[in-house]
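Here is what each chain is made of, one letter per residue.
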Amino acid sequence: NVAVTLTANTNLFAAPLILGALQLSGTVTDGNGQALTNASVLVLAPGGNAGGLLVAATRSNGSFTLSGLVAGQYQVLIQQPGFARLSQMMPVTGNINKTFVLAPGISATGQITDAATGLAVSNAFVSFVEPSTHFLATVAATDINGNFTAADLAATNYDVLIAEAGHPIREL
């Protein structure tokens, strides 16, 4: 990160985008081998550089292609409603063609209540964070009765954060 002070008539030039010659292609399927159409494929460049985010949607046959990669370690995220998000580190040293299989998503439900009064807490945000990557898996909001449902989760452990304007943030 670089701090920049802008004054009147300042020209700011961004570093040129560096594109490589490598390609990641693949197919996204469910556990039965059925192609998943319109799955979102996100590839985050080495070092977590958000400027190096590549995005694609799968075609009707589940295939996708992302070009312009340089050699390095990439974070691959694939999402499709009804399925758990796939998150995988992938070393790229040459062109890759891989099949990615998504597992069915599960739901977590619950009710948030005030510890002091026992009353339901509405409009709270319940965030599920993957502990190893610190990526946000999903966020659910509580209804007027304090109930929430978080869908499309993988069957794994999460850090859970609960936030609401009238209460301190709580981590479970």
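What you see is a predicted model; the values in this text were computed from it and never measured.

Considerations on the overall build of the protein chain
Here comes step 1: For the protein chain, the helix and strand inventory stands at 0 helices and 13 strands.
Here comes step 2: The buried share of the protein chain, taken over its 172 residues, is 33%.
Here comes step 3: Taking the intrachain contacts of the protein chain between residues at least 6 apart in sequence as the baseline, contacts between residues at least 24 apart amount to 53%.
Here comes step 4: Accessible surface for the protein chain amounts to roughly 10500 Å². Of this, 54% is attributable to carbon and sulfur atoms.

Looking at the sheet that holds strand β9 (residues 125-129)
Here comes step 1: Ordered by their spatial adjacency, 4 strands build an open sheet running β10-β9-β12-β13, and the pairing between neighbours is antiparallel. The outermost strands of the open sheet, each flanked by one partner alone, are β10 (136-141) and β13 (167-171). Direction aside, neighbouring strands of the sheet carry axes that sit 15 degrees apart on average.
Here comes step 2: Note that strand β12 (residues 159-164) and β13 share 3 bridges and pair antiparallel. Its bridge partner being in β13, Ile162 is matched across the sheet by Arg170.

Describing unusual backbone geometry
Here comes step 1: Of note in the backbone geometry, Asn38 takes a positive phi value of approximately 65 degrees without being a glycine.
Here comes step 2: Relative to the elements of secondary structure, Asn38 occurs in the loop between β1 (22-29) and β2 (40-44).
Here comes step 3: Although it is not a glycine, Asp152 sits at a positive phi angle of roughly 60 degrees.
Here comes step 4: With respect to the secondary-structure elements, Asp152 resides in strand β11 (residues 147-153).
Here comes step 5: Since its relative accessible area comes to 30%, Asp152 is described here as partly exposed.

A short note on the pairing of β12
Here comes step 1: Pairing between β9 and β12: 5 bridges, direction antiparallel. The residue of β12 that forms the bridge with Phe128 is Val160.
Here comes step 2: Counted between consecutive antiparallel strands, the loop separating β12 from β13 contains 2 residues.

Brief notes about the confidence of the model for the protein chain
Do not read the fine detail of predicted coordinates wherever pLDDT is low.
Here comes step 1: Per-residue confidence for the protein chain gives a mean pLDDT of 87; residues scoring 70 or more make up 86%.
Here comes step 2: For the protein chain, the element scoring lowest by mean pLDDT is β13, at 83; strand β7 (residues 96-101) scores highest, at 97.

With respect to the environment of Thr65
Here comes step 1: Secondary-structure assignment places Thr65 in strand β4 (residues 63-69).
Here comes step 2: Judged by its relative accessible area of 34%, Thr65 falls in the partly exposed class.
Here comes step 3: Sequence spacing of Thr65 and Asn97 is 32 residues, and the spatial spacing of their C-alpha atoms is 8.8 Å.
Here comes step 4: Sequence-distant contacts of Thr65, that is, excluding residues within four places in its chain, are made with Gln23, Leu24, Ser25, Ala56 and Arg59.

Comments concerning the side chain of Thr29
Here comes step 1: Tracing the backbone shows Thr29 in strand β1.
Here comes step 2: What Thr29 contacts, discounting residues up to four positions off in sequence, is Gln34, Ala35, Leu36, Thr99, Phe100, Val101 and Leu102.

Focus on the environment of Ser25
Here comes step 1: When you line up the elements, Ser25 lands in strand β1.
Here comes step 2: Its relative accessible area of 13% is what places Ser25 among the buried residues.
Here comes step 3: Linking Ser25 and Asn95, residues 70 residues apart in sequence, is a C-alpha distance of 8.0 Å.
Here comes step 4: Once residues within four sequence positions are removed from consideration, Ser25 is found in contact with Phe64, Thr65, Ile96, Asn97 and Lys98.

Examining the pattern of salt bridges
Here comes step 1: Inspection of every chain in the model, using the stated rule, returns 1 salt bridge.
Here comes step 2: Across the salt bridge formed by Arg85 and Glu130, the nearest N and O atoms sit 3.0 Å from each other. Of the two residues, Arg85 sits in the loop between β5 (72-79) and β6 (86-92) while Glu130 sits in the loop between β9 and β10, which places them 45 residues apart along the sequence. No difference in accessibility class separates Arg85 from Glu130, as the two residues are buried.

Parameters and conventions
Residues numbered from 1 in each chain as written. Predicted model: local features only at pLDDT ≥ 70, side-chain atom pairs only at ≥ 80, totals over all residues. Heavy atoms only, no water. Helix = DSSP H or I, 4+ residues; strand = E, 2+ residues; numbered from the N terminus. Buried < 20%, exposed > 50% of the residue type's maximum accessible area, 1.4 Å probe, protein only. Contact = heavy atoms within 4.5 Å. Areas by Shrake-Rupley, 256 points an atom, 1.4 Å probe, with all protein chains shown as cover. Pairing = 2+ DSSP bridges. Axes fitted to C-alpha atoms, helices over the stretch in contact; angles between N-to-C directions. pLDDT = per-residue confidence, 0-100. Salt bridge = Lys/Arg side-chain N within 4 Å of Asp/Glu carboxyl O.

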